[in-house]
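The lines below spell out each chain.
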Amino acid sequence: MRKIIVAIDGYSSCGKSTMAKALAEYAGYRYVDTGAMYRATALAGLRKGIITDDEIDEEKLKVMIENLKIDFAIVEGKQHTTLDGEDVESEIRTLEVGNAASRVSAIGFVRVKLVELQQRMGDEKGIVMDGRDIGTVVFPKAELKIFVTAAAEIRAKRRFDELKAKGKEMKMDEVLADVIDRDYRDTHRKESPLKQAVDARILDNSELTREEQFETIKGWFNEARR
Ligand code: DC
């Protein structure tokens, strides 16, 4: 069977990465979390003071990004994001870095640089990549494109449970407001807004269990690689 590229896009907190990882494992493919790459870039900018609460120094960011080494390493069977060789996996998952990532991801030259890196990762195919623009910009010719969606209330509940499990208590209406806010920013930004590729398969997982979702995408995958 031929090796293919699987592009998975969708809203935040809709379980894209869990699904993408499971599919990559099933297929024996490489998994790439592109959100982690935007997060790592944001972390580097925050650490250097290039990104502050009220502004981003774009000139300095441009220089920084040219010399940035973002990669992935396997630690105890799990994929960890590295920044210049340092394991930053837990540091990039905070709300602060997530918000900074959302701001840097709207800058054109940041996207050009990271998209270039992502396209190189797909040179050999055999890859499952998730993000917001994978099927539309990074791999417009991907053999399988999946667009994942779920109702905002359901995604908010999932994020609420996740945060709670990590010991972070937040109010449900705050989490929902954050989800709605991010959806708006992701779909309305000028550079590569989140949108469904015309040839993407849509997976609304509001009412599906993980197993049901996996069965669906496994079927699509096996069909696409034939
Ligand atoms: O999926 P995530 O929450 O880890 O993504 C972090 C931020 O990066 C989010 O605001 C959307 C942005 N992003 C993007 O613009 N393009 C991608 N391919 C992946 C993520």
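Here, every reference points to the structure presented above.
Keep in mind that this is a model prediction, so the values were computed, not measured. Every chain's residues receive numbers from 1 upward, in the order its sequence appears when written. Whole-chain, interface and lining totals are the exception, using all residues; otherwise, since this is a predicted model, local features are given only for residues with pLDDT of at least 70 and side-chain atom pairs are given and counted only at 80 or more. Note that water and hydrogens are dropped before the side-chain values are worked out from all heavy atoms of the structure.

Help me out: how do you make sense of the packing of aromatic side chains in this one?
Both the distance between ring centres and the angle between the ring planes are used here to describe each pair of aromatic rings. Each aromatic pair joins two rings of Phe, Tyr and Trp (for Trp, the six-membered one) with centres within 6.5 Å, and gets the label stacked for planes under 30 degrees apart, edge-to-face for over 60, and tilted for any other angle. Considering all chains together, one arrives at four aromatic pairs under this definition. Here the aromatic rings of Tyr26 and Phe221 are separated by 6.2 Å at their centres, their planes lie at 75 degrees, and the arrangement is edge-to-face. Linking Tyr26 in helix α1 (residues 16-27) with Phe221 in helix α9 (residues 210-224), this pair joins segments that are 195 residues apart in sequence. An aromatic cluster of at least three residues, connected via ring pairs, comprises Tyr26, Tyr29, Phe214 and Phe221. The aromatic ring of Phe109 is capped on one face by Lys62, whose charged end is 5.0 Å from the ring centroid. Here a strand is any run of E in DSSP of at least two residues, a helix any run of H or I of at least four, and the numbering for each starts at the N terminus. Our definition puts a charge over a ring when NZ of Lys or CZ of Arg is within 6 Å of the ring centre and also within 35 degrees of the ring normal.

Where do I start with the sheet that holds strand β1 (residues 5-10) in this structure?
Strands pair in a sheet through their backbones, by hydrogen bonds, and they do so in one of two ways: parallel or antiparallel. Strand pairing is assigned whenever DSSP identifies at least 2 bridges connecting the two strands. Here we have five strands laid out as an open sheet, ordered β2-β6-β1-β7-β8, and parallel in their pairing. Both outer strands of the open sheet, β2 (30-33) and β8 (201-204), are each paired with one neighbouring strand and no more. This sheet shows a mean twist of 20 degrees between the axes of neighbouring strands, independent of strand direction. As judged from the four bridges shared by strand β7 (residues 144-149) and β8, these two strands associate in the parallel manner. Residue pairing for β8: Ile146 is matched across the bridge by Arg201. Across the face of the sheet, α9 comes into contact with β1, β7 and β8 while running at roughly 170 degrees to β8. Here an angle of 0 to 180 degrees is reported between the N-to-C directions of two axes, which are lines fitted to C-alpha atoms, with helices fitted over the stretch in contact. Here a residue-residue contact requires only that any non-hydrogen atoms of the pair lie within 4.5 Å.

Looking at this structure, I do not really get unusual backbone geometry. What am I missing?
Trans peptide bonds make up the majority, and among non-glycine residues the majority have a negative phi. Positive phi is not limited to glycine here, since Lys125 has a value of about 60 degrees. Only protein chains enter the accessibility calculation, which uses a 1.4 Å probe. A residue is then buried if its area is under 20% of the maximum for its type, exposed if over 50%, and partly exposed in between. Look at Lys125 and you get partly exposed, because its relative accessible area is 33%. Of note in this structure, Ser192 is not a glycine but carries a positive phi near 40 degrees. Summarising the element assignment, Ser192 is placed in the loop between α8 (172-188) and β8.

Got a minute to help me understand the pairing of β1 in this structure?
Successive side chains on a regular strand alternate, one facing one side of the sheet and the next facing the other. In terms of burial, β1 is a largely internal element, six of the six residues being buried. In β1, alternate side chains face the same way, and those of Ile5, Ala7 and Asp9 on one face and Val6, Ile8 and Gly10 on the other are all buried. Here five bridges tie β1 to strand β6 (residues 127-131), and the two strands are oriented parallel to one another. Counted as the bridge partner of Ala7 is Met129 from β6. Alignment of β1 against β7, held across five bridges, turns out to be parallel. Bridge pairing in β7 places Ile8 opposite Ile146.

Would you explain the site of the ligand in this entry?
With respect to spatial proximity, 15 residues lie near the ligand, and among them Thr34, Arg39, Arg111, Asp133 and Arg189 are the closest. Pairs of N or O atoms are called polar contacts if they sit within 3.5 Å, as long as, within protein, a hydrogen donor faces a hydrogen acceptor (for residues adjacent in sequence, only side-chain-to-side-chain pairs). At 3.0 Å from a nitrogen atom of the ligand is found a side-chain nitrogen or oxygen belonging to Thr34. Separating an oxygen atom of the ligand from a side-chain N or O atom of Arg182 is a distance of 3.3 Å. For the ligand, the accessible surface in isolation is 450 Å², of which the surrounding protein chains cover 93%. At the level of elements, α2 (34-47), α4 (95-104) and α8 are the ones that each hand at least two residues to the shell around the ligand. Here the nonpolar group is Ala, Val, Leu, Ile, Met, Phe, Trp, Tyr, Cys and Pro; Asp, Glu, Lys and Arg are the charged ones; every other residue, Gly included, is treated as polar. Looking at side-chain class alone, the shell around the ligand contains three nonpolar, five polar and seven charged residues. The cutoff for a nearby residue is simple: one of its non-hydrogen atoms must lie within 4 Å of the molecule or strand. Note on areas: Shrake-Rupley with a 1.4 Å probe; residue coverage comes only from the protein chains shown.

Honestly, the nonpolar core in this entry has me stumped. Any pointers?
If you look at soluble globular proteins, the nonpolar side chains tend to sit buried side by side. Throughout this description, the term nonpolar core refers to a set of buried Ala, Val, Leu, Ile, Met, Phe, Trp, Tyr and Cys residues connected via side-chain atoms within 4.5 Å. Grouped together as the largest cluster of nonpolar side chains are 38 residues, with contacts concentrated most on Met37, Leu61, Leu83 and Met129. Only β1, α2, α3 (58-66), β3 (70-75), α4, α5 (108-121), β6 and α6 (134-138) provide two or more residues apiece to this core. Ranked by residues supplied to this core, first place goes to α2 with seven residues. Aside from chain neighbours lying at most four places away, what touches Met37 is Val32, Ile70, Phe72, Leu114, Leu117, Gln118 and Met121. Grouped together as the second largest cluster of nonpolar side chains are 20 residues, Ala24, Tyr29, Leu144 and Ile146 included.

Honestly, that's just the spatial picture; any functional story needs more than this.
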